[in-house]
Amino acid sequence: MKKENLLYSNVNLILRIGSYSAFVLLVLGLILLWITSQGLAQISGQLPLSFRELMLSLSRLKPQGVINIGLLILMFTPMLRVLIALFSFLRLRDLRYALISLGVFLILFSGLVVAVF
Amino acid sequence: MEYVFMALGGIVVGVFGSLLGLGGGILIIPMLTLIFDVPIHTAIGTSFLCVIATSTGAATHYVQQKLTDIRLGMTLELATTLGAIMGGLIAGILARDTLSVIFSFVLFYTAGSMLLKRTSDEAGWASDNPNPSEDYQVRRLPLGMGASFFAGNVSGLLGIGGGVIKVPAMYLLMNVPLKVATATSNFMLGVTASASCFIYYFRGDVNLSISGATVVGVFLGAAFGSRILRVVKTSMLKKIFILVLFYLALKMFFKGTDLHFLVF
């Protein structure tokens, strides 16, 4: 039962970290917009940003980059949750559900590959 | 200023969503397309992010209470994610009017199923297992997988979570207690939505300004809604909500068929 708790607490932890950090970054991005007196309409609205643009705007604490990272964290949290479940099932030696989690992860990953290319 | 109203709209959707147990997509898309005139593909992209936000928030609560059947959720996710990716790809080739009309049918279905659920609740037919953590035997898994694939497909196509299909499928077909079905469906929403969200994001159908403002609003609204859940009577809210859904369904249908002048 203790080991089973591990699965629930690990999944819960990753969901909390993902949602809280995404929310903090999104709010920070919106505050930065307000401080820099930049209207939301004035920042480039369309995504995705290129990796270079993203890193550059983040290093300069530009609202565009901060909001974008917040959205990306939100998007990747469920995928990370599947990965955490996979490792938790492996620790529980529950091979069947570890394989099922791996299957879900691979489907998500192939979806990501299809989306990028 | 428009974005402040979008954030406020997000708060309203978040509050309604958490009070009525909805992901929010069913309201976000009509709000963005009908009020703010956002193209439906962009509205769907934003909706996915809102669905991930609300489901992630609610899932932490359900997982903590161990109402979620993680193993069942993981198994059904094999089907929902496949369906969601397919739906997301199909949506890219459909015209916005077609999507509006399909969306209106889902709104009609949701309103109808809420109405039926209300009636059955009042008649006392929906007596659920009082102890949802009690053991139960999952039945008809292949049928459940089929329903999950369909739910994922609709979700990927229209930007909704698909709980309106998954919860009845688990409860009625698979012998899963209602509370567990609701918690497990919520747990699956995030993964299903993220599978399609990647496609919308990299296709350029996610708008930074619209998504940023709306998602923060939904986060705040959902947090507030879960706090007032115990003190608010949801029966009247449900009646109003069913009427709103029927109205939105008509609006979306006539918008898609170019007859929008018929509904104010």
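Just so it is clear, the model here is predicted, and its values are computed rather than measured.

Rules used in this analysis
- Residues numbered from 1 in each chain as written.
- Chains lettered and ligands numbered in written order.
- Predicted model: local features only at pLDDT ≥ 70, side-chain atom pairs only at ≥ 80, totals over all residues.
- Heavy atoms only, no water.
- Helix = DSSP H or I, 4+ residues; strand = E, 2+ residues; numbered from the N terminus.
- Buried < 20%, exposed > 50% of the residue type's maximum accessible area, 1.4 Å probe, protein only.
- Contact = heavy atoms within 4.5 Å.
- Buried area = accessible area lost by both parts, 1.4 Å probe.
- Salt bridge = Lys/Arg side-chain N within 4 Å of Asp/Glu carboxyl O.
- Nonpolar A, V, L, I, M, F, W, Y, C, P; charged D, E, K, R; others polar.
- Core = buried A, V, L, I, M, F, W, Y, C linked by side-chain atoms within 4.5 Å.
- Axes fitted to C-alpha atoms, helices over the stretch in contact; angles between N-to-C directions.
- Parallel < 35°, antiparallel > 145°, perpendicular 65-115°, else oblique.
- Left-handed = near helix turned anticlockwise from the far one by under 90°.
- Expected span 1.5 Å × (residues − 1).

With that out of the way, let us pick up the overall build of chain A. Along its length, chain A carries four helices and zero strands. Walking chain A from its N terminus toward its C terminus, one meets helices and strands in the order α-α-α-α. Within chain A, buried positions represent 47% of all 117 residues. Across chain A, contacts joining residues at least 24 apart in sequence account for 65% of those joining residues at least 6 apart.

Moving on, we come to the interface of chain A and chain B. One widely used convention gives an interface's size as the accessible area the parts lose upon coming together. Contact residues are listed per partner, giving 52 residues for chain A and 45 residues for chain B. Summing the contributions of chain A and of chain B, the shared interface buries around 4,400 Å²; its carbon and sulfur component is 76%. When the area that chain A buries against chain B is broken down by residue, the three leading residues are Tyr8, Met75 and Ile107 of chain A, summing to 16%. Run the count over chain A and chain B and you get two salt bridges. Of the charged contacts, one joins Arg81 of chain A and Glu77 of chain B as a salt bridge, the two residues approaching to 2.9 Å between their closest N and O atoms. Where the side of chain A that touches chain B is concerned, the elements lending two or more residues are helix H1 (2-35), helix H3 (63-91) and helix H4 (95-116) of chain A. In terms of residue count, the dominant contributor to the side of chain A that touches chain B is H3 of chain A (15 residues). Of the residues belonging to the side of chain A that touches chain B, the class tally is 36 nonpolar, 12 polar and four charged.

Turning next to the environment of Leu76 of chain B. Residues and elements named next belong to chain B. Counting through the fold element by element, Leu76 comes out in helix H4 (residues 70-93). Judged by relative accessible area, Leu76 falls into the buried class, the value being 1%. The contact partners of Leu76, leaving out residues within four places of it in the chain, are Leu141, Gly144, Met145, Ser148, Met170, Met174 and Met188.

A general tendency of soluble globular proteins is for nonpolar side chains to be buried together. Membership of the largest hydrophobic core comes to 99 residues, with the highest contact counts inside it found for Phe89 of chain A together with Ile26, Leu32 and Val215 of chain B. Look past the residues within four positions of Leu32 of chain B in its chain and what remains in contact with it is Met6, Asp37, Val38, Ala43, Thr46, Ile210 and Thr214 of chain B. Among the nonpolar cores identified, the runner-up in size contains 10 residues, and Leu76, Val167, Met174 and Leu178 of chain B belong to it.

Residues and elements named next belong to chain B. Counted according to the given criterion, the structure contains four salt bridges over all chains. Residue Asp37 is joined to Lys255 by a salt bridge in which the shortest nitrogen-to-oxygen separation is 3.8 Å. Of this pair, Asp37 sits in the loop between helix H2 (25-35) and helix H3 (40-64) while Lys255 sits in helix H10 (residues 234-256), placing them 218 residues apart in sequence.

What follows is about the packing of helix H7 (residues 163-173) of chain B against helix H8 (residues 178-202) of chain B. All names here are of chain B. Packing of H7 against H8 brings their axes to within 9 Å, and their N-to-C directions diverge by 140 degrees. When the axes of H7 and H8 are compared, the pair comes out oblique. Taken as a pair, H7 and H8 cross one another with a handedness that is right-handed. On H8, the residues touching Gly163, Lys166, Val167, Met170 and Tyr171 of H7 are Leu178, Ala181, Thr182, Thr184, Ser185, Met188, Leu189 and Thr192. For the contact of H7 with H8, the residue count by class is seven nonpolar, five polar and one charged.

Our next topic: H4 of chain A. An ideal rise of 1.5 Å per residue puts 32 Å on 22 residues; H4 of chain A measures up with 31 Å between its terminal C-alpha atoms. Those residues of H4 of chain A lying buried are Tyr97, Ala98, Ile100, Ser101, Gly103, Val104, Phe105, Ile107, Leu108, Gly111, Leu112 and Ala115 of chain A. Buried positions along H4 of chain A lie against H3 of chain A together with H4 and H8 of chain B.

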